Amino acid sequence: MSSIGKYRSGEKTGGWKYYLRNGLLKAVGRFANGKMTGEWKWYRENGKLMQTGSFDDEKKAGVWTRYRPNGSLYDEGEFKDGKKVGEWRAYDVSGKVIKTTRHKSR
């Protein structure tokens, strides 16, 4: 896997892109002070979106969404301080909600 990005004082900073061996994009996102921050996107070897999510001080935060290899929605929900919170929904291949779980914030 190869990557493109910048370092400042030995730490990753700004936008970074990671590529698969086949040359397609694997992940794209930002670093601040060497830590993942803001929105990130990950892709499959077929080029389709695998998941999206955000980081705050390298902890999962905000809405995260995952997709099946065919591109259909798999599940979605929210993280706070790296832990699942609130309602999470799982979907079948046609996009129908098949499961809902509630997570308590601590």
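Scroll up for the structure.
Residues numbered from 1 in each chain as written. Predicted model: local features only at pLDDT ≥ 70, side-chain atom pairs only at ≥ 80, totals over all residues. Heavy atoms only, no water.

**Some remarks on the overall build of the chain**
Assigned secondary structure in the chain consists of 0 helices and 9 strands. Going from N to C terminus, the chain has its helices and strands arranged as β-β-β-β-β-β-β-β-β. For the C-alpha atoms alone, the extent of the chain along its principal axes is close to 45 × 35 × 15 Å. The buried share among the 106 residues of the chain stands at 26%. Pairs at least 24 residues apart make up 4% of the contacts formed inside the chain by residues separated by at least 6 positions. Just so you have it, the chain exposes about 7,200 Å², and 47% of that area is on carbon and sulfur atoms. Charged side chains of the chain number 24 positive and 12 negative; the gap between the two group centres comes to 3 Å. (Helix = DSSP H or I, 4+ residues; strand = E, 2+ residues; numbered from the N terminus. Buried < 20%, exposed > 50% of the residue type's maximum accessible area, 1.4 Å probe, protein only. Contact = heavy atoms within 4.5 Å. Areas by Shrake-Rupley, 256 points an atom, 1.4 Å probe, with all protein chains shown as cover. Lys, Arg positive; Asp, Glu negative; His and termini not counted. Charge placed at Lys NZ, Arg CZ, Asp CG, Glu CD.)

**A word on the nonpolar core**
The biggest cluster of nonpolar side chains holds 11 residues, and these are Trp16, Tyr18, Ala27, Phe31, Met36, Trp40, Trp42, Phe55, Trp64, Phe79 and Trp88. Of all the elements in the fold, those that place two or more residues in this core are strand 2 (11–19), strand 3 (25–32) and strand 4 (35–43). Beyond its immediate sequence surroundings of up to four residues, Trp16 is in contact with Ser3, Ile4, Gly5, Lys6, Tyr7, Ala27, Val28, Gly29 and Phe31. (Core = buried A, V, L, I, M, F, W, Y, C linked by side-chain atoms within 4.5 Å.)

**Describing unusual backbone geometry**
A positive phi is found at Ser9, a non-glycine position, where the angle reads about 55°. On the secondary structure map, Ser9 appears in the loop between strand 1 (2–8) and strand 2. The phi dihedral of Asp81 is positive, around 55°, even though this residue is not glycine. For Asp81, the position within the fold is in the loop between strand 7 (73–80) and strand 8 (83–91).

**Some points on the environment of Asp81**
Taking the relative accessible area as the measure of exposure, Asp81 reaches 54% and is therefore exposed. Along the primary structure Asp81 and Glu58 are separated by 23 residues, whereas in three dimensions their C-alpha atoms are 9.1 Å apart. Discounting chain neighbours no more than four positions away, the residues touching Asp81 are Lys59 and Lys60.

**Digging into the packing of aromatic side chains**
For the structure shown, the criterion picks out 12 aromatic pairs. When the centroid spacing of 6.0 Å and the interplanar angle of 25° are considered together, the rings of Trp40 and Trp42 count as stacked. Ring geometry for Trp40 versus Phe55: centroids 6.4 Å apart, planes at 90°, classification edge-to-face. Residue Trp40 is found in strand 4, and its partner Phe55 is found in strand 5 (residues 49–56); the two are separated by 15 residues along the sequence. Judged by its relative accessible area of 2%, Trp40 is buried. One aromatic cluster is present, formed by Tyr7, Trp16, Tyr18, Phe31, Trp40, Trp42, Phe55, Trp64, Phe79 and Trp88 through successive ring pairs. In this arrangement the basic side chain of Lys12 is found over the ring face of Trp16, its NZ or CZ atom lying 4.8 Å from the centre. Sitting above the plane of the Trp64 ring, Lys60 keeps its charged end 4.8 Å from the centroid. (Phe/Tyr/Trp six-rings, centres within 6.5 Å; stacked < 30°, edge-to-face > 60°. Lys NZ or Arg CZ within 6 Å of the ring centre and 35° of its normal.)

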